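The residues making up each chain are set out below.
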Amino acid sequence: MNKSRFRIHALLLVLLVALMLTSAVGAAPKSGVVVSLNVAQSEFDSSQDVLVTVTVSNPTNHTVRVLRWFTPAEGVEESLFVVTRDGLPVAYTGPQYKRPAATGKDYISLKAGESFTRIVNLAEYYDLSASGQYEVAYGIASFHLFDEKGNAFKFRDVLTSEKISMMVSGRAPKGKPTPPPTPMPGGNSFNACTADQQSLLVSARNQAKIYASDAENYLLANRQGPRYVTWFGAITSARYNTVKTHFTAISDAMDNAGITFDCKCKQNYYAYVYPNQPYNIYLCKVFWSAPLSGTDSKAGTLIHEMSHFNVVASTDDVVYGQTGARNLASSDPDLAVTNADNHEYFAENTPPQQ
């Protein structure tokens, strides 16, 4: 597992332990939302789906809200679980999205006493290729988990469950689309894209190459101006070198990787990728209305998505949007250097900073 993603999982594990030591397991967080997990059997052989039942409930006497994409209400769209095998973190292999910043319509409201239940096939989203003793807990942390206005970025709200445990026999990855044939190095291939969409994507990649090269050159020159501080926070040599390494890899991939663009997504997002399937990028509805360059652009979206691949920078989605990215850089630079939108906005550099 990439070091940055390992660190995120490790932080969540520490968070879970701390919560369980300081409060009753299963007690409602301040929002009132409770998550419980259940598994029907204690052992799964390699031919069986590893099905986990997830129940999200509101035991309070008032309505509560939770950000939809941090629940399995419409399928798994984030790493909702902390999964370990024999005590070691297990990689999330599901989709990673670029989304618009959360608005009120992105929240699920649960009335007093209301709940919903979904069944998740864990093998579709996590690497269960090795046999062992698996432990699974719901583990989400976000500044906007219960409120689109956030909490001034002082802390991340959390939603956790008690752990469940089972023996799982290793199995081949499943649930992800079959990768299309890889295009020639530096080339583009397209799936379900119209001629106009293909033309837009070629232009977007060309602009993304310019963005990535400019960002890399800034860092190679060891510049330490407001452009860096705005998007990645206080400067330390370790964080600066991490960002430099990221953009060297992003620029190289933009120039030299064979990229496959898939245009079938109809979700109201920009794009998504599977982090362990380079270099396949799935474009969604919002992407097509974005400008070619500038803030939240087509070119910037390609930077964002390219940064997610494990072989590139293995970034995560801690926050979305310029406001969130700026606040993250100020409040938690260690997380800012792992966040895909911070990389995108540094590359787009809109409005320009030195």
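Everything numeric in this text was worked out from a predicted model, so none of it was measured. Residue numbers here run from 1 along each chain, matching the order of that chain's written sequence. Residue-level local features of this predicted model are given only where pLDDT is at least 70; pairs of side-chain atoms are given and counted only at 80 or more, and the full residue set underlies all totals for whole chains, interfaces and linings. Excluding hydrogens and water, the side-chain values take into account all heavy atoms of the structure.

Go over the sheet that holds strand 9 (residues 115-121), please, and point to the residues and values.
Reading across the sheet, the 3 strands line up as 1-3-9 and stay open at both edges, with antiparallel pairing between neighbours. One side of each edge strand has no neighbouring strand; the edge strands of this open sheet are strand 1 (34-39) and strand 9. Neighbour to neighbour, the strand axes of the sheet diverge by 20° on average, direction disregarded. Two strands make a pair as long as DSSP finds a minimum of two bridges between them. A run of DSSP states H or I qualifies as a helix once it reaches four residues; a run of E qualifies as a strand once it reaches two. Both are numbered from the N-terminal end. Between N-to-C directions, angles cover 0 to 180 degrees, with each direction set by a line fitted to C-alpha atoms, over the stretch in contact for helices.

Which residues make up the packing of aromatic side chains, and what are the values?
For Phe, Tyr and Trp, rings pair up if their centres lie within 6.5 Å, where Trp contributes its six-membered ring, and each pair is then called stacked (planes under 30 degrees apart), edge-to-face (over 60) or tilted (otherwise). The tally for this structure, following the rule as stated, stands at 18 aromatic pairs. Through pairs of rings, three or more aromatic residues link up here, namely Tyr218, Tyr228, Phe232, Tyr240, Phe247 and Phe346. The side chain of Lys298 reaches across the aromatic face of Phe287, ending 5.9 Å from its centre. Here, a charge over a ring means that NZ of Lys or CZ of Arg falls within 6 Å of the ring centre while also lying within 35 degrees of the ring normal.

Give me the lowdown on the environment of Gln322, citing residues and values where you can.
Relative to the assigned elements, Gln322 resides in helix 7 (residues 322-331). When the C-alpha atoms of Gln322 and Tyr345 are compared, they prove to be 7.1 Å apart, with 23 residues separating the residues in sequence. In this view, Gln322 contacts Trp231, Thr295, Tyr345 and Thr350; residues no more than four positions away in its chain are not counted. The definition of a polar contact used here is a pair of N or O atoms within 3.5 Å, where within protein one atom must be able to donate a hydrogen and the other to accept one, and adjacent residues in sequence count solely through side-chain atom pairs. A polar contact is formed between the side chain of Gln322 and the side chain of Thr295, at a distance of 3.4 Å. The contact definition used throughout considers only heavy atoms, calling two residues in contact when any of these lie within 4.5 Å.

So what about the side chain of Thr301? Which residues, and what values?
Along the polypeptide, Thr301 turns up in helix 6 (residues 298-308). Apart from the residues within four sequence positions on either side, Thr301 is in contact with Lys98, Tyr270, Ala271, Phe287 and Glu344.

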